[in-house]
Amino acid sequence: MFEGSYLGDRARIAPTARLECKICWTVYDPALGDPQAQIAPGTPFAELPPHWRCPQCEGAAEQFMVLDEAA
C-alpha cells in the first residue's frame, strides 16, 4: 500500500474522516455523502458499499487517502 492510506482496513478510519482519491484528488466528505451514487449525507467512508468507486475517475475505494479526521 501507500503512505497515508488506511491500508485497506476501513475500521481504522474515523467516521468523520475525509478521504481523497490519489488518482484525481476528488474528496469524499461524509458530511456530504455522494449524491451521484445515492450515498446519503452522514455516511462514513467505512460504511460505503463494496461496489462504491470514485465518482470522478472510477478509482477503487482503496485508492483513497485519509486527509483529516474531521470535516
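Residues numbered from 1 in each chain as written. Predicted model: local features only at pLDDT ≥ 70, side-chain atom pairs only at ≥ 80, totals over all residues. Heavy atoms only, no water.

A.B. asks: Before we go on, may I ask you to explain the overall build of the chain in this structure?
C.D. replies: Of regular secondary structure, the chain possesses zero helices and three strands. Reading the helices (α) and strands (β) of the chain from amino to carboxyl end gives β-β-β. For the chain, the C-alpha radius of gyration of 11 Å lies close to 11 Å, the compact-globule estimate for 71 residues. Here the C-alpha coordinates of the chain stretch approximately 30 × 25 × 20 Å along the principal axes. With 71 residues in all, the chain has 39% of them scored as buried. Excluding contacts between residues fewer than 6 apart, the proportion of contacts in the chain whose partners are at least 24 apart in sequence is 55%. (Helix = DSSP H or I, 4+ residues; strand = E, 2+ residues; numbered from the N terminus. Rg over C-alpha atoms; globule rule 2.2 N^0.38 Å. Buried < 20%, exposed > 50% of the residue type's maximum accessible area, 1.4 Å probe, protein only. Contact = heavy atoms within 4.5 Å.)

A.B. asks: Explain the confidence of the model for the chain here, please?
C.D. replies: Any region with low pLDDT has predicted coordinates that should not be read closely. Considering every residue of the chain, the mean pLDDT works out to 89; 90% of them sit at 70 or more. Of all secondary-structure elements in the chain, the lowest mean pLDDT belongs to strand β3 (residues 64-68), at 89, while strand β2 (residues 27-28) reaches the highest, 97. (pLDDT = per-residue confidence, 0-100.)

A.B. asks: Hey, could you run me through the nonpolar core in this one?
C.D. replies: Soluble, globular proteins show a tendency: their nonpolar side chains are buried together. If you look at the biggest cluster of nonpolar residues, it comprises 14 residues, and the most contacted ones within it are Leu19, Tyr28, Phe45, Trp52 and Phe64. The residues touching Tyr28, leaving out its near neighbours within four places in the chain, are Ala17, Arg18, Leu19, Gly33, Asp34, Ile39, Thr43, Pro44, Phe45, Leu48, Trp52 and Phe64. (Core = buried A, V, L, I, M, F, W, Y, C linked by side-chain atoms within 4.5 Å.)

A.B. asks: Just checking my understanding: could you explain the environment of Pro55 for this structure?
C.D. replies: Within the secondary structure, Pro55 is located in the loop between β2 and β3. Among the residues examined, Pro55 registers a relative accessible area of 24% and is labelled partly exposed. Separated by 30 residues in the primary sequence, Pro55 and Trp25 place their C-alpha atoms 11 Å from one another.

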